[in-house]
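One-letter residues, chain by chain:
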Amino acid sequence: MAINDKRLIEVAFPLKQASLDSMHEKNVRHGHISTLHIWPARRPLAASRAALIATLLPDPGNKDERNQLLERLGGKIIEVVKKKKLPSGKVEEKVVPETVGGVLHWGRESNPDLEWFRRKIKDAYDGRAPRVLDPFAGGGAIPLEAMRLGCEVTANDLNPVAWFVLKCTLQHSQSLAGQHSPLPRFALESTDFMEQFFRSTGKLTARQLERNLSAVQERLFPAPDVDLAWHIRAWGWWILQRAKVDLAPHYPVVDGKEPAAYLWARSVKCKSCRATIPLLKTRWLCKKDKNRILLTMEPNTERTGVVFGLQRNVPQVGGNAAQRREYDKRIGAGTMSRSGVSCPCCNGAIMTMEEIRVEGVAGRIGNVMTAVVVETKEGKAYRVPVETELLAASNAAAWMRAKFEQIPFGLPDEPLPSKEALGFRVPLYGLDRWSKLFTPRQLVAIGTFVEHTRAALDMIRSAEYTADWTIAIYAFLAAGLDRLVDRCSAQCRPDPTPTQSGVINTFSRFALPMVWDFIEGVPTADSSGGYLSSLEWVAKVTEHLSSIPKAPKAAILQQSALTGLADQFDVICTDPPYYDAISYSDLMDFFYVWLRRTLYGFDPETDAAFREPLAPKWNHETSDGELIDDSSRFGGDKSKSKKAYENGMFKAFEVCHQALKAEGRMVIVFANKQPDAWEALVSAIIRAGFVVDGSWPIQTEMGNRTRALSSAALASSVWLVCKKRPQIARPGWDNTVLTEMLERIQDKLREFWDAGIRGPDFVWAATGPALEVYSKHPVVKKANAAGEFMAVSEFLGHVRRIVVDFIVGQVLSHNGAAGAVSGLDNVTNYYILHRYDFGFVEAPIGACILYAVSCGLTDRELTDRYEILARTGGSDSDDEVSDEEDAVEEEPESIPASGSKVKLKTWSHRHGKNLGLETDGRPAPLIDQIHRLMGLWKVGDVVKVDEYLDARALRRNSTFIQLIQALIELSPVGSEERSILESLSNHVAARGVAYEDKQLPLGS
Ligand SMILES: C[S@@+](CC[C@H](N)C(=O)[O-])C[C@H]1O[C@@H](n2cnc3c(N)ncnc32)[C@H](O)[C@@H]1O
């Protein structure tokens, strides 16, 4: 492709389709790489595939062909009616958009059209496979999609866990695609395993199995050839049989019923009476309509602790849902509340959280078992633990050290990061070594699985497998074991969803907060949190991965993105770490310590990658390492940390510039949308020698409110397209750059608006084309200030202003004319944007900050000074677990600020006595003036209304009249707000100058 050939992504993109299919993918489980191994912030495959195809293919140059290409890629959008049964039994019908056709939706990656795209891409590169690099490849979504498209992929990540996951994703399955090998003999000999085999492969019916299983089994020699997934299952079964024998004494069977899980609470000694207090947030064990069970708690006779019991069939009390909820909350209260921990043995002496921390750091936080979960035909049943169970759990400590003597590197006693590290709250309570995140019995269990997995490696090596088979089987066994570890720590919480395993995994969110009441599953059990099911997820992923058509072998590197690369690439597509969003290395050390033990001795390359006790962090000598903004790595110095991150990202973009061919394209994903931080990175990209010429905000998170979904797409990632700036590019002048931007952006705004892009997405979509005008110059000088330059942030300030004016113009006059909004103040502009997109429901703070900045305001000014926004403290992060009983916050600090929410205040909640009055000689925002008038009107004070209108000449103010009209249309039909606004509007019209430009109704 020639340098100047436009790529499809620089002209058009199937934005809605990519967003819909990315959101849908969140619900996909079986076979998706997200179920292979935890890795934070994996991008959706649909978004990655769409971006890669549109970057690798040239723009056809004419509308018809372009539209055909877009449809082949993304398909069409149709509306379907979905039915949902509500808890009340009522069925709700909802019209939802869906894609048909295209190659983005999960499951359509094997459509014949994908092969068409593979060929088309190859043709665009003169018959060769284009070379694609992802320098921050993480969990591998982008390189996997590049490989699916037939590209020659290089995937790099500094973190050894990511490197291992990339190897599994991009190499191990592919090396065996289409290959089969005989099932191992031990598997054939097991009735148990073969029954599972025949059932799953559908080769025998249940009846045939019942009658003939062993006969069929005997006839199976020579063994059937099966794919990698079945070899993983077979060896997993081998490991499990051995682990079951070793671990049986640790999970005693009581009354003939095997335990499924144990419920625990952490405990402390009461500071006043020294009794052992269980730290419980709630005493509800089960709260389904027909199964309401409470844990009861009485002081024991010596009052040294409590005796647990169960109250079954707890009645529901209250006339409506809210009353019933409130009642349940009250009767289910645990020992913890916002004010601290109350002792059940000495009339509620309170220990503060600070005191609990002191106990934790001194190693005096213990654990008490509260209940045992047993699987029955009717579902989960609960009972209090018996003596043998308490003993089995406490005896495990004695087994622990001996178990780990056999395992390389022994117990995982490697330190956790400091309590100041991003997202880490557990060290505050004394959990400062990885081993402390597990109960002794969990350590014995995991140690046993590590031991037998390592033993399996010797067996696999001595069986008749080729090197590729040995590597692949063992790597996926190690990945399966990590899945088990994720569900086998004292960070796991009980899952109230009846259909799930009952265990919420450690990394249901990417932070390690303190978990007070936790669940311990039985890893050898058949339940879905156990070893076998962990491995099944992994086996399913290999089935998906090996169905990918053959592509050139991917190169997987484990080095810093700041290290130069010898190769030249056609496309660099990457999703870099973003400031302080996620502390990858610190968090993933949870898996690192286990992988290091499981994989040790596997091969020299893996031993080299895992040679250090923990994964790389930051090297102060070389100023290189993991690029995250974590001041705890810089002695608490925030500015040093930010600078190190920004310099590092700049260097990484420079390396990308060197590694990209002259005609190549770089696509960068920005998943965090704090505008100032975003601008810092865009500046670095431009400084590194790139021209930014496109940006597409792909929505990847499902908003859970209709209003938010329909009008303010909660895009979670902006995909920015860049190319190399020609060497001959010359400095630009601010006035010409701004004029050119204005001309270019107007058409684009109209096009995006007509395409239905709304909300914050609209701002982001406009940013790309605008930046092209700016970034084609190495620097932009100020015409009226010699020696000064216009920074990216200043330029984008102008861009956003234009975008805001356009949107507000649309709301006020439906034609986006800037004139329509001239004179409107910043706060009112903000109000209109917010009201139009979110109404009065909770809105994500990220979007609101963007709007605030675009209007020349800060979110703080809007909440504190103008008081039009209220913080609601909710969280929009997808991994935040809502818990109705959450009287005690898990650890609020671990939730990033961008996760909180805000709400617009309704007019009736805005009644400050100075509302709508001038302050320091400055007029009040127009929206405040209207809200003041509404308050006066409501109490029938027409005289004051007239005085107010006349003093500010509002009857002759066309913007005021337009705004009232727009507010009428934004307010719900039949609402008090609408009726007051209509009366006011009539009153103004009756007594004032008629306003001629009558507005069209919204939506016309
Ligand atoms: C946002 S994640 C990438 C996620 C990936 N796109 C996916 O779909 O899973 C950013 C990655 O950058 C890696 N990283 C951080 N600093 C790095 C560095 N200096 N060199 C290479 N990789 C680095 C992290 O380990 C992390 O995996």
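This is a predicted model, so every value here is computed, not measured.

Draft legend 1. Expanded view of helix α30 (residues 942-951). Buried within α30 are the following residues: V945, D946, Y948 and L949. Axial view of α30: buried residues confined to an arc of 165°, hence all on one face. Exposed residues on α30 whose side chains face more than 90 degrees from its buried face are V943, E947 and A951. Buried-residue contacts for α30 involve α29 (926-938), α31 (958-970) and α32 (976-991). Phi turns positive one or two residues past the end of α30, at A953, with a value near 50°.

Draft legend 2. Quick peek at the packing of aromatic side chains. What the rule picks out here adds up to 38 aromatic pairs. Taken together, the aromatic side chains of F404, F424, W434, F438, F507, F510, F590, F591 and W594 make up a single cluster linked through ring pairs. When the ring centre of F569 is taken as reference, the NZ or CZ atom of R131 above it lies at 5.1 Å. Above the face of the W230 ring, R233 is positioned so that its terminal group lies 4.4 Å from the ring centre.

Draft legend 3. Representation of the packing of helix α2 (residues 15-25) against helix α3 (residues 45-56) within the structure. Between α2 and α3, the least distance of the axes is 7 Å, while the angle of their chain directions is 150°. It follows that α2 is roughly antiparallel to α3 by the angle criterion. Residues A18, D21, S22 and E25 of α2 touch α3, and the partners they reach there are L45, A46, A47 and A50. Tallied by class, the residues present in the contact of α2 with α3 amount to five nonpolar, one polar and two charged.

Draft legend 4. Quick look at the pairing of strand β7 (residues 259-269). Most of β7 sits inside the fold, with 10 of its 11 residues counted as buried. The pairing of β7 with strand β15 (residues 366-376) spans eight bridges and is classified as antiparallel. Its bridge partner being in β15, S267 is matched across the sheet by G366. In this structure, β7 lies alongside strand β19 (residues 517-521), joined through five bridges in antiparallel fashion. Note on β19: the bridge partner recorded for A265 is D517.

Draft legend 5. The site of the ligand, seen in detail. Taken together, 25 residues lie around the ligand, and R43, G139, D157, A561 and G625 are the ones closest in. In the environment of the ligand, a nitrogen atom lies 2.8 Å from a nitrogen or oxygen atom belonging to the backbone of G625. When the ligand is considered free in solution it has 600 Å² of accessible area, and contact with the protein chains removes 99% of it. Split into classes, the residues belonging to the shell around the ligand amount to 12 nonpolar, eight polar and five charged.

Draft legend 6. Summary view of the sheet that holds strand β30 (residues 869-871). Pairing is antiparallel in the open sheet, where three strands are placed in the order β29-β31-β30. Because the sheet does not close on itself, it has two edges, and the strands there are β29 (843-844) and β30. Note that β30 and strand β31 (residues 901-904) share three bridges and pair antiparallel. Paired with R871 across the bridge in β31 is V902. Most of the contacts of helix α26 (residues 826-838) go to β31, to which it runs at about 105°, and overall it touches β29, β30 and β31.

Draft legend 7. Region of interest: the pattern of salt bridges. Within this structure, the stated rule accounts for 57 salt bridges. D432 is the partner of K436 in a salt bridge, and the nearest nitrogen-oxygen pair spans 2.9 Å. For R801, the salt bridge identified is with D805, shortest N-O distance 3.9 Å. Separated by four residues within a single helix, R801 and D805 lie in helix α25 (residues 792-813), roughly one turn from each other. R801 gets classed as partly exposed once you look at its relative accessible area, which sits at 25%. Residues participating in the shared-partner salt-bridge network are R233, E536, K540 and E543.

Draft legend 8. Quick look at the packing of α3 against helix α6 (residues 141-148). With their axes 9 Å apart at the nearest point, α3 and α6 run at an angle of 55° to one another. Considering the angle they form, α3 stands oblique to α6. Classified by chirality, the crossing of α6 by α3 is right-handed. Here α3 contributes L45, S48, R49 and L52 to the contact with α6, which in turn contributes A141, I142, L144, E145, A146 and R148. Classifying every residue of the contact of α3 with α6 gives six nonpolar, one polar and three charged.

Draft legend 9. Looking closely at the sheet that holds strand β24 (residues 660-670). The mixed open sheet is built from seven strands, whose spatial order is β20-β4-β3-β21-β24-β26-β25. A strand with exactly one partner marks an edge of an open sheet, and here the two such strands are β20 (555-557) and β25 (690-698). For this sheet, the mean inter-axis angle between neighbouring strands, taken without regard to orientation, is 15°. Note that strand β4 (residues 152-156) and β20 share three bridges and pair parallel. Bridged to N156 within β20 is L557. In the packing of α3 onto the sheet, contacts are made with β3 (131-134), β21 (569-574), β24, β25 and β26 (717-724), and the angle to β21 comes to roughly 150°.

Draft legend 10. How the structure looks around the environment of P697. Residue placement: P697 occurs in strand β25. For P697, a relative accessible area of 1% puts it in the buried group. With 681 residues separating them in the primary sequence, P697 and K16 have C-alpha atoms 9.7 Å apart.

Cut-offs applied
Residues numbered from 1 in each chain as written. Predicted model: local features only at pLDDT ≥ 70, side-chain atom pairs only at ≥ 80, totals over all residues. Heavy atoms only, no water. Buried < 20%, exposed > 50% of the residue type's maximum accessible area, 1.4 Å probe, protein only. Helix = DSSP H or I, 4+ residues; strand = E, 2+ residues; numbered from the N terminus. Arc of directions from axis to C-beta. Contact = heavy atoms within 4.5 Å. Phe/Tyr/Trp six-rings, centres within 6.5 Å; stacked < 30°, edge-to-face > 60°. Lys NZ or Arg CZ within 6 Å of the ring centre and 35° of its normal. Axes fitted to C-alpha atoms, helices over the stretch in contact; angles between N-to-C directions. Parallel < 35°, antiparallel > 145°, perpendicular 65-115°, else oblique. Nonpolar A, V, L, I, M, F, W, Y, C, P; charged D, E, K, R; others polar. Pairing = 2+ DSSP bridges. Near = heavy atom within 4 Å. Polar contact = N/O pair within 3.5 Å; in protein donor to acceptor, adjacent residues only side chain to side chain. Areas by Shrake-Rupley, 256 points an atom, 1.4 Å probe, with all protein chains shown as cover. Salt bridge = Lys/Arg side-chain N within 4 Å of Asp/Glu carboxyl O. Left-handed = near helix turned anticlockwise from the far one by under 90°.

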